[in-house]
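Analysis of the macromolecular model
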Amino acid sequence: MRKATLFAGLVAGVSMFAFSAAQAVEIQYWQYVFDTRVKAMDELIANFQKANPDITVKQVTFPYADYQTRVVAAKLSGQGPDVLQLYYGWLDKFASGGVLQPLPKDAFPHEMIEKEFFPIVSAMKRGEDYYGLPTAVRSLALFYNKKAFTDAGLDPANPPKTLDEMVAAAEKTTKRDASGNLEQEGITLDMAGQDQHWWREVLVRQFGGEPYTDNDRKVAYNSDGGKKALKFYTDLQLEKNVGQAGFMDEGQAAFKAGKAAMTIDGTFRLGAFRTIKDFEWAVAELPAGPDGKQSNFASYFANGIGAAATGEKLEAAKKFLAYVTSPEAMEIWMKTVGELPARQSAALTDANLADPINGPFLKGLTYAHTTLFVDEAAQRQTAIDMVNRVFLQGQSVDDSIAEAASAEQAILDAAPK
Amino acid sequence: MATLAPAASTHAPHRGMSMRARRLFWVWGFLALPIVFYSVIRFYPTFQSFWLSLTDWNLMNPAKFIGVANYQKLWADPEFWKVFKNTFAYLIFGMPISLLLSFVIAYYLDRVRFLHGFIRALYFLPYLTTAAAMAWVWRWFYQPPPIGFINEVLTTVGLPQQPFLRSTSQALPSIMVTAIWAGLGFQIIIFMAGLRAIPTTYYEAARIDGLGEWAILRRITLPLLKPTTVFLVVFSSIGFLRIFDQVYNMTSNDPGGPLGSTKPLVLMIYQTAFSSYAMGYAAAQTVVLFIILLCISLLQLWLLREKT
């Protein structure tokens, strides 16, 4: 008799627990640690929970270096996040490894995605399915030091618009001491930074080449256009003497220290450059190519739904993902993190385009390309080695680009299809 | 009542244990903890990595057995041979130079009484400092002007500037110097302990017999210091074969130096595993490193056995 009472009490307790659980679904959101990103997400979560009191979102973060390993380890143990952030270049790995599930078409119809977002979201599509949507995107622009421009007699309100003008400005702003040591670079040369993207997706195209074909699985830059692009890039150091790879250790460090008049970098650098006190700087669109062709490289972190989310957690995850990719969330993200909205309507507003800093980045987005990396670090290394062979070993541009193309092709071929 | 019976029976043998058996029981009881720890944390993963090296595991997909394909790939990989050469360059130059330097310093420091403790502490200090922090300091030292300290000094004394880390030929020696410097303090301390352990009566007898300093060093000090030297040779060899921190931190924006000129095996393993996520291939590289280290350790045992 006492047993029965106890049992009844237990059942009641459990069912009450289950009832309250149904009332408040908890889902986990994962991203890597980056101060402003975490802060922006906290704000988004607070807003979301206010609108959806029956859902709680728990933000879980890991250091960037550990992030991918953590996601994979969680997948192996069967306890992944419900919504997670991923770099677009990781998609192949995450989708084929079963970390992600395709975005449900009812909540994220393809027509909406293709109409509303910038075309670069196509990098999140595999087969017939999208696997994630970005809140924000990043593109490249030319940062220039206004003081260095004024000192060299250039108009700081009129930045270079073409590669020729850029080289001319770099020649004027390069400073050397009596014994020929570089004191100030005209333009930074740092293939380990953003120059790899500038070379691959911008210069190669501007000089008439294509970086890749076959969905970025076939290297195509070992062509006339590619050679001209590499010659242009390496000539900045070897012929024009307006920059030097390794000067001040890193390109961004040189610019930040006021020892480079120009550098090519992304939206994510804005935070670091905003701390500059010694001089004013400005942003311009990437210079156009010889025949006026413009190009840019865009990249982004997308948010996807974890494979483990089912039932009510999946429903909650859908709602949360819809909110973090809404125009409202994009605005909050831009304000806090500085990255550009991923929806064209939210991004290309008159106010944003007129903004002296966001404007050039946004204009670049409209004609930007993304590279579908299979192993970004390894592919970057082939680009770094390509210019180093020219700079340090005196190898010819033609030989170096051929060697780089075959090395990168080997990486692409080794990746699972 | 029935529950008491098994408890009583487990107590029975313990009570009947001899003194010796009881001592053994306790010894193994205490040893069990580190043995379990080593088996789970060290040996199991080691054997696991042998198995992994025969698979194509990439973290995501279940590991599939592919035979010795990883080793064939490694054998045919020009990067591996470059890295192999670099690793042994660190060993072949780094180990003798660091040992010679530390012996000379210990030998003379042993005779210095003035500020002895202070000087010894100065030599030991780099060993205590975090490798990553030191590597960054050296990284800035090696920069071209206007920020590189060493190049500034070179310019002041009228010597040509050097590219150091930005050169395919100078980068490896530049990093090796810092690794030697960092390990010097430890080796000096060990050498000095070895020197102190040699009974002074030998020296007194030698001096009475009229032996010169050089002969004393060659006939008495060096032979009696052999166990210390062998230990340091092995210790420092393993250290140089496993060099990573300095290289990783001094050339982090082009990992492994320009055109891989400074990349050691451990860095290649790290990149293969945690940047390309080719775990099977990385495991194969680890097995190769393991075999190299094992050979060197066995060589040590053999050298020590010959002595006694």
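Residues numbered from 1 in each chain as written. Chains lettered and ligands numbered in written order. Predicted model: local features only at pLDDT ≥ 70, side-chain atom pairs only at ≥ 80, totals over all residues.

Some details on the overall build of chain B
Here is the rule we go by: To qualify as a helix, a DSSP run of H or I must reach at least 4 residues; to qualify as a strand, a run of E must reach at least 2; elements of each kind are numbered from the N terminus. Just to be clear, the radius of gyration here is over C-alpha atoms, and the globule rule we use is 2.2 Å times residues to the power 0.38. Burial is judged by counting other C-beta atoms within 10 Å of a residue's own C-beta: 20 or more means buried, 12 or fewer means exposed, and anything between counts as partly exposed, with every C-beta placed from the backbone.
Of regular secondary structure, chain B possesses 14 helices and zero strands. The C-alpha atoms of chain B give 26 Å as radius of gyration, which overshoots the globular expectation for 308 residues (19 Å, by more than 25%). Overall size of chain B, expressed as C-alpha extent along the three principal axes, is 95 × 70 × 35 Å. Looking at chain B as a whole, 30% of its 308 residues qualify as buried.

Some details on the overall build of chain A
As a reminder of what qualifies: Contact between residues is assigned whenever the C-beta positions, reconstructed from backbone atoms, fall within 7 Å.
Helices and strands together make up the secondary structure of chain A, namely 18 helices and 18 strands. Its C-alpha atoms give chain A principal-axis dimensions of about 100 × 45 × 40 Å. Sorting the 417 residues of chain A into buried and exposed places 48% on the buried side. Pairs at least 24 apart in sequence give 73% of the contacts found in chain A among residues at least 6 apart.

As for the environment of T336(A)
Residue and element names in this part refer to chain A. You can see T336 is positioned in helix α13 (residues 327-337). Note on T336: 18 C-beta atoms within 10 Å, which makes it partly exposed. Measuring from C-alpha to C-alpha, the distance between T336 and A40 comes to 5.8 Å, with 296 residues separating the pair along the chain. Those residues in contact with T336 that lie beyond four places of it in its chain are T36, K39, A40 and E43.

A closer look at the confidence of the model for chain A
Rules: Note: pLDDT gives the predictor's confidence per residue, expressed from 0 to 100.
Looking at chain A, pLDDT values average 91 and 94% of them are 70 or higher. Confidence drops under pLDDT 50 across residues 12-22 of chain A; counting only partners more than four residues distant or on other chains, this segment forms zero contacts.

A short note on the domain arrangement of chain A
Residues and elements named next belong to chain A. The following threshold applies: Where a domain begins and ends is set by an automatic assignment or by a domain database. Gly is placed with the polar residues, together with every amino acid not listed as nonpolar (Ala, Val, Leu, Ile, Met, Phe, Trp, Tyr, Cys and Pro) or charged (Asp, Glu, Lys and Arg).
Taken domain by domain, chain A comprises domain 1 (20-137 + 300-358) and domain 2 (140-297 + 374-414). Look at where the C-alpha atoms of domain 1 and domain 2 centre, and you get two points 32 Å apart. Counting residues at the interface gives eight residues for domain 1 and seven residues for domain 2. Taken together, the residues of the side of domain 1 that touches domain 2 sort by class into three nonpolar, three polar and two charged.

Points about the pairing of strand β3 (residues 83-87) of chain A
Residue and element names in this part refer to chain A. Quick note on the threshold: Being paired, for any two strands, means DSSP has found at least two bridges between them.
β3 sits mainly inside the fold: four of its five residues count as buried. Two elements, β3 and strand β16 (residues 299-306), share five bridges in a ladder whose sense is antiparallel. Note that in β16 the partner of V83 across the bridge is I305.

What about the interface of chain A and chain B?
Taken residue by residue, the interface counts 22 residues in chain A and 19 residues in chain B. Listing elements by their share of the side of chain A that touches chain B, those giving two or more residues are α3 (64-76), α4 (91-96) and α17 (376-393) of chain A. Of the residues forming the side of chain A that touches chain B, the biggest block, eight residues, is contributed by α17(A). Here the residues of the side of chain A that touches chain B are counted per class, giving eight nonpolar, seven polar and seven charged.

Quick word on helix α8 (residues 191-206) of chain A
Residue and element names in this part refer to chain A. To keep it simple, the criterion reads: Expected helix span is taken as 1.5 Å per residue step, with the number of steps being one fewer than the number of residues. The bend at a residue is defined as the angle formed between two axes, one fitted to the seven residues ending at that residue and one fitted to the seven starting there.
Between its terminal C-alpha atoms α8 stretches only 18 Å, short of the 22 Å expected from 16 residues at 1.5 Å a residue. In α8, a bend of some 45 degrees at W199 exceeds every other bend along the element. The buried fraction of α8 is high, at 16 of 16 residues.

With respect to the domain arrangement of chain B
Split into domains, chain B comes out as domain 1 (17-52) and domain 2 (69-307). Look at where the C-alpha atoms of domain 1 of chain B and domain 2 of chain B centre, and you get two points 33 Å apart.

Some points on the pairing of strand β8 (residues 140-145) of chain A
All names here are of chain A. The buried count for β8 comes to six of six residues, which makes it a mostly enclosed element. Here β8 shows no split at all, with L140, L142 and Y144 on one side and A141, F143 and N145 on the other all buried. Strand direction decides the pairing type here: β8 and strand β13 (residues 260-266), joined by five bridges, are antiparallel. Across the sheet, residue L140 finds its bridge partner in β13, namely G266.

Some words on the packing of helix α9 (residues 224-238) of chain A against α17(A)
Packed helix pairs are characterised by how far apart their axes lie and by the angle those axes make with each other. Residue and element names in this part refer to chain A. Inclusion rule: To define axes, lines are fitted to C-alpha atoms, for helices over the stretch in contact only, and angles between the resulting N-to-C directions are given on a 0 to 180 degree scale. Any angle from 65 to 115 degrees is called roughly perpendicular, while one under 35 is roughly parallel, one over 145 is roughly antiparallel, and all others are oblique. By convention the crossing between two helices is left-handed if the near helix lies anticlockwise of the far one by an angle smaller than a right angle, and right-handed if it lies clockwise.
Where α9 contacts α17, the axes come no closer than 11 Å and their chain directions differ by 40 degrees. Considered as vectors, α9 and α17 are oriented oblique to each other. For the pair α9 and α17, the sense of crossing is right-handed. Along the contact surface, α9 presents Y233, T234 and Q237, while α17 presents V387, V390 and F391. The residue makeup of the contact of α9 with α17, split by class, is four nonpolar, two polar and no charged.

Here we look at the sheet that holds strand β9 (residues 175-176) of chain A
Residues and elements named next belong to chain A. Pairing in this open sheet of five strands is mixed, and the strands run β9-β10-β13-β8-β14 from one edge to the other. The open sheet has two free edges, formed respectively by β9 and β14 (281-284), since each of these has just one partner strand. Inspection of the sheet shows β8 paired to β14 by four bridges, in the antiparallel sense. Considered in β14, the bridge of Y144 is made with A282.

Examining the packing of helix α5 (residues 116-128) of chain B against helix α8 (residues 171-197) of chain B
All names here are of chain B. Contact geometry for α5 and α8: axes closest at 7 Å, N-to-C directions at 125 degrees. As the angle between them shows, α5 and α8 are arranged oblique. For α5 against α8, the interelement crossing comes out left-handed. Between α5 and α8, the contacting residues are Y123, F124, L125, P126 and Y127 on the first element and W181, A182, G183, L184, G185, F186, I188 and I189 on the second. In the contact of α5 with α8, the residues fall into 11 nonpolar, two polar and no charged.

Section: unusual backbone geometry
Residues and elements named next belong to chain B. Residue P146 is reached from P145 by a cis peptide bond, and omega for that bond is 10 degrees. With respect to the helices, strands and loops of the structure, P146 is situated in the loop between α6 (131-141) and α7 (149-156). At L259, a position not held by glycine, the phi torsion is positive, near 55 degrees. Inspection of the secondary structure assignment puts L259 in the loop between α12 (245-250) and α13 (265-274). Judged by local crowding, L259 falls into the partly exposed class, with 19 C-beta atoms found within 10 Å.

Thoughts on the environment of N151(B)
Mapping N151(B) onto the fold places it in helix α7. For N151(B), the contacting residues outside a window of four places in its chain are P144(B), P145(B), Q161(B) and Q162(B).

Section: the environment of G186(A)
Residues and elements named next belong to chain A. Tracing the backbone shows G186 in strand β10 (residues 182-187). A C-alpha to C-alpha distance of 25 Å links G186 and G208, two positions 22 residues apart in sequence. Once residues within four sequence positions are removed from consideration, G186 is found in contact with A169, A170, E171, T173, T174, V242, G243, A261 and M262.

With respect to the confidence of the model for chain B
Per-residue pLDDT for chain B averages 88, and the proportion of residues at 70 or more is 94%. Scoring the predicted complex yields pTM 0.85 and, for the interface, ipTM 0.82.

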